[in-house]
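A closer look at the structure
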Amino acid sequence: MAENNALLRRLQNKGTLVVAEGYLFEFERRGYLKAGAFVPEVVLEHPDLVKSLSEEFVHAGSDVVLAFTYYGHREKLRTIGREGDLEKINRQALEIAKSVAKETGTLFAGNICNTAVYQADNEESQRKAEAMFKEQIEWAVEAGVDFILGETFAELGEATLALESIQKYGQGVPAVITLMPTATEFTIEGVPIAEACRRLEEAGAAVVGLNCCRGPASILPLIKEVRAACKGPIACLPVPYRTSLEFPSMQSLKDPFSGRQAFPLDLPSQLCGRSEIRNFAEACKEIGVEYVGLCCGNASHYLREVAEVYGRTPPASKYSPDMSQHILFGDKSKMRDYYTGKVRQAIVTQDS
Ligand SMILES: [Zn+2]
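Residues numbered from 1 in each chain as written. Predicted model: local features only at pLDDT ≥ 70, side-chain atom pairs only at ≥ 80, totals over all residues. Heavy atoms only, no water.

When you tally the buried positions in strand β5 (residues 175–179), you get five out of five residues, the bulk of the element. Burial of β5 is two-sided: the residues A175, I177 and L179 facing one way and the residues V176 and T178 facing the other way are all buried. In this structure, strand β4 (residues 147–153) lies alongside β5, joined through four bridges in parallel fashion. Following the sheet pairing, L149 is matched in β5 by V176. In the classification by handedness, the crossover that spans β4, the intervening helix α8 (residues 156–169) and the parallel β5 is right-handed. Two elements, β5 and strand β6 (residues 207–211), share four bridges in a ladder whose sense is parallel. Opposite V176, over in β6, you have V207 as the bridge partner. Tracing the backbone out of β5, into helix α9 (residues 193–202) and back to the parallel element β6 gives a crossover that is right-handed. (Buried < 20%, exposed > 50% of the residue type's maximum accessible area, 1.4 Å probe, protein only. Helix = DSSP H or I, 4+ residues; strand = E, 2+ residues; numbered from the N terminus. Pairing = 2+ DSSP bridges. Right-handed = clockwise from strand over helix to strand, strands pointing away.)

What follows is the structure in structure tokens.
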């Protein structure tokens, strides 16, 4: 089965994948799920919108449709009193992703993540976490996924358990495992991030790497270390926020206006510009990141930048910016002097 697997085929011979994540933040922003618990209830209440966003991400260049089951696990549903909807939400999310992947010829991925149950020093919690992985993996396999993404693990132990669960219950479906880098260079249990990725690769993950928590500026130094430590394909999917080495995680960012913690409500005050995302994608290409994308805060205009840097011309490229057509900033030989001159001067205070 491995040789025929769509993910592995795509990654052969230096193949790359552009991957859109970030459904959770996007639907919270639009008013369809609650910040705090962050449970993908929109899958049940507005499946049409989930389908539409999945199609939009493909339109912008995603090669993968991820089933929106992130935080759609037993513990999170219990938190909001909807444990009874667990199977329904998973199966529905998988069906939506499958239909879009089929229509668009993209890969179809299942998704598991940190359980909010796992504790390194507690075997009972680990059995519980494994049972949570098992049920979601089995639903994903029944739906016919090309691979399963296990993501946002801050602990190597939980990431390893997720990988082992995919190997045990996934009937040969490949695993992509991405760690969530913390504000330090170590996993919660103190393993250097790059070393943790190397161990996951050695344990049999098809792709290993980092997603979420850090923005481009603070994830790039770490992904370079991951590249040096791993032989196979690596993944890098930061959040599009202006983290730095001083404030490495989106959770430590402050709103420059109020000086207060920006996460999560005031994070828009720290959003990257598109050119920063383009620079990030160029850096990833240079480093040799094969599986690239964006996580929480992602939107289609950002993903298109990544896709174009990675050589794609998605349908959305038809509308990529062309400022030569702008009445103030456009090509002076084609635009009216009145606008590129007098009107522009009145509108732009410090023209560059
Ligand atoms: Zn994220």
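This next bit is on the pattern of salt bridges. On inspection of all chains with the given rule, the structure shows 25 salt bridges. For E124, the salt bridge is made with R127, and the minimal N-O distance between the two is 3.2 Å. Taken together, the positions of E124 and R127, both in helix α7 (residues 123–143) and three residues apart, correspond to about one turn of that helix. One salt bridge connects K134 with E138, and the closest N-O pair in it is separated by 3.3 Å. In this pair, K134 and E138 both sit in helix α7, four residues apart, roughly one turn of the helix. (Salt bridge = Lys/Arg side-chain N within 4 Å of Asp/Glu carboxyl O.)

This next bit is on the domain arrangement of the protein chain. Looking at the protein chain, the domain boundaries give domain 1 (6–320) and domain 2 (322–352). A C-alpha centroid distance of 41 Å is found between domain 1 and domain 2. (Domains from an automatic or database assignment.)

Before going further, it helps to examine the coordination of the zinc ion. The protein atoms that coordinate the zinc ion are C212 (SG), C295 (SG) and C296 (SG), at distances of 2.2 Å. Read in sequence order, the donor residues for the zinc ion give the motif C-x82-C-C. You can see C212 sitting in the loop between β6 and α10 (216–229) and its partner C296 sitting in the loop between β8 (291–294) and α12 (300–309), a full 84 residues away along the chain. C296 matches C212 in its accessibility class, with the two residues each being buried. (Donors = N, O, S within 2.8 Å, 3.2 Å for Na, K, Ca; no water.)

It is worth spelling out the packing of helix α4 (residues 47–59) against helix α6 (residues 86–104) at this point. Their axes nearest at 10 Å, the elements α4 and α6 cross at an angle of 35°. Crossing of α4 over α6 shows right-handed handedness. On α6, the residues that touch P47, V50, K51, S54, E55 and V58 of α4 are Q92, I96, S99, V100, E103 and T104. Per-class residue counts for the contact of α4 with α6 are five nonpolar, four polar and three charged. (Axes fitted to C-alpha atoms, helices over the stretch in contact; angles between N-to-C directions. Left-handed = near helix turned anticlockwise from the far one by under 90°. Contact = heavy atoms within 4.5 Å. Nonpolar A, V, L, I, M, F, W, Y, C, P; charged D, E, K, R; others polar.)

A few words now on empty space enclosed by the protein. As enumerated under the stated definition, the model contains one cavity of 30 Å³ or more in all. The computed volume of the largest cavity comes to approximately 40 Å³. Forming the walls of the largest cavity are T69, N90, L94, G110, N111, I112, Q136 and A140. Breaking the lining of the largest cavity down by element, the ones donating at least two residues are α6, β3 (107–113) and α7. (1 Å grid on protein atoms, 1.4 Å probe; cavity = no way out; pocket = protein on both sides within 12 Å on 5 of 7 lines; lining within 4 Å. Points joined across faces, edges and corners; volume = space filled by probe spheres on them.)

On to the UniProt feature "binding site: Zn(2+)" (unreviewed entry) in the protein chain, then. If you check UniProt for "binding site: Zn(2+)" (unreviewed entry), the listed places come out as C212, C295 and C296 in our numbering. Their sequence span is 85 residues, while the largest C-alpha to C-alpha distance among them is just 6.6 Å; these annotated residues converge on one region. Classification of C295 as buried rests on a relative accessible area of 3%. In this structure C295 touches E21, G22, E151, N211, C212, L237, P238, V239 and P240, once residues within four positions along its chain are discounted. Classification of C296 as buried rests on a relative accessible area of 10%. For C296, the residues in contact, after removing those within four places along its chain, are G22, F25, C212, V239, P240, Y241 and M250. (UniProt positions renumbered as here; feature names shortened; annotations may be inferred.)

In this section: the pairing of strand β7 (residues 234–237). Neither face of β7 is open: one carries I234 and C236, the other A235 and L237, and all of them are buried. As paired strands, β6 and β7 are joined by four bridges and run parallel to one another. Within β7, the position partnered with G209 by the bridge is A235. Regarding the hand of the β-α-β motif, the stretch spanning β6, α10 and β7 is right-handed. Relative to β8, β7 runs parallel, the two being bridged by two bridges. Its bridge partner being in β8, A235 is matched across the sheet by Y291. Following the chain from β7 across helix α11 (residues 274–287) to the adjacent parallel β8, one finds a crossover that is right-handed.

Here we take up the UniProt feature "domain: Hcy-binding" (unreviewed entry) in the protein chain. Per the UniProt record, "domain: Hcy-binding" (unreviewed entry) is annotated on residues 5–310. Taken end to end, residues 5–310 comprises 45% helix and 13% strand; its first and last C-alpha atoms sit 22 Å apart.

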